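The residues making up each chain are set out below.
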Amino acid sequence: MKKHIGWIAGTAAAALVAAGAITYAVAEDVGPDTGASTPTADSADAGFARDMAVHHQQAVEMSYIVRDRTKNAEVRRLAYDIAQTQANQRGMLLGWLDLWGLPKVSAKPPMSWMGMGDMPERGDGSLMPGMATDTELKKLGTLNGKQAEVFYLQLMTDHHKGGIHMAEGCVAKCKVGVEKSLAQGMVDAQQSEIKLMADMLKERGAKARS
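Heads up: these notes are all about the structure in this document. What you are looking at is a predicted structure, and each value in this text was computed from that prediction instead of being measured.

As a further point, take the state of the cysteines. Covalently bonding the sulfur atom of one cysteine to the sulfur atom of another cysteine gives a disulfide. Under the definition given, this model contains one disulfide. A disulfide bridge connects Cys170 with Cys174, and the sulfur atoms are separated by 2.2 Å. Its torsion about the S-S bond being -120°, the disulfide of Cys170 and Cys174 is classed as left-handed. For the pair Cys170 and Cys174, a shared accessibility class is recorded, and that class is buried.

Another point: the nonpolar core. Among the nonpolar cores identified, the biggest contains 52 residues, and Phe48, Met62, Leu93, Tyr152 and Met166 are the most heavily contacted of them. Sorting the residues of this core by element identifies helix H2 (44-67), helix H3 (73-100), helix H4 (134-140), helix H5 (145-173) and helix H6 (177-203) as the ones contributing at least two each. Of all the elements, H5 adds the most residues to this core, at eleven residues. When neighbours within four sequence positions are excluded, Met166 is seen to be in contact with Phe48, Asp51, Met52, His55, Met111, Trp113, Met114 and Met128.

Using the criterion set out here, one finds six salt bridges in the structure. Note that Asp158 and Arg209 form a salt bridge whose closest N and O atoms lie 2.8 Å from each other. One end of the pair, Asp158, is in helix H5; the other, Arg209, is in the segment after H6, and 51 residues separate them in sequence. Taking relative accessible area as the criterion, Asp158 reaches 13% and is therefore assigned buried. Take Arg209: its relative accessible area is 39%, and that puts it in the partly exposed class. Members of the salt-bridge network, linked through shared partners, are Glu136, Asp158 and Arg209.

About the criteria used
- The residue count restarts for each chain, going from 1 along the sequence in the order it is written.
- In keeping with the predicted nature of the model, local features appear solely for residues at pLDDT of at least 70, side-chain atom pairs appear and are counted solely at 80 or more, and the whole-chain, interface and lining totals rest on all residues.
- The basis for every side-chain value is the complete set of non-hydrogen atoms in the structure, without hydrogens or water.
- Two cysteine sulfurs form what is called a disulfide whenever their separation falls within 2.5 Å.
- Each residue's exposure class comes from its accessible area (1.4 Å probe, protein chains only) as a fraction of the maximum for that residue type: buried when under 20%, exposed when over 50%, partly exposed otherwise.
- Residue types Ala, Val, Leu, Ile, Met, Phe, Trp, Tyr and Cys, when buried and joined through side-chain atoms within 4.5 Å, form a set referred to as a nonpolar core.
- Each helix corresponds to a stretch of at least 4 residues labelled H or I by DSSP, and each strand to a stretch of at least 2 residues labelled E; elements are numbered beginning at the N terminus.
- Only heavy atoms matter for contacts: two residues are in contact if any of them lie within 4.5 Å across the pair.
- Take a side-chain nitrogen of Lys or Arg and a carboxyl oxygen of Asp or Glu: if they are within 4 Å of each other, that pair is a salt bridge.

Spatial relationships are all this shows, so hold off on functional conclusions.
The following block contains the structure:
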């Protein structure tokens, strides 16, 4: 377990170090010198940036909630790494929208850029697949110790599965090369974290909800 946690910590640190380079690379990836056009507000690039920024923000929120609800070092370390990585990526996504001169919100339903704008919402604050409801977040904030750890790991597993689906959509549809690379990195990292969380749940006599 410590080996896996250490790998994730290293991945988070590497993501933070690379942030400036990736943001700059996006600026270099579009424009008249490259022949690539700046994404439009309705593009997959912009849609992914907007939606994943919202999706990531909830992961950050959940991670900081559980850090206050348990003293378990491994769960707290995992939560910290997820919060730091996803907050960093969220900043890049919003920064790219600023760079492209595009709005950070859209009147269209979430995931319209994936052709999923007509999907039914879970409601109660759950705007996209994998997102927890407001009721679930409130419940997480009332639990302590092992119960908080298990519920967090279950919620984050669902959250990662939804995030992977969205990131795979960007890999298939986005045009900006660096953004596609970031999306693929999200897929790879979150698949690894799902496996890790499955082991952590098993250690606690529990399993993922789906």
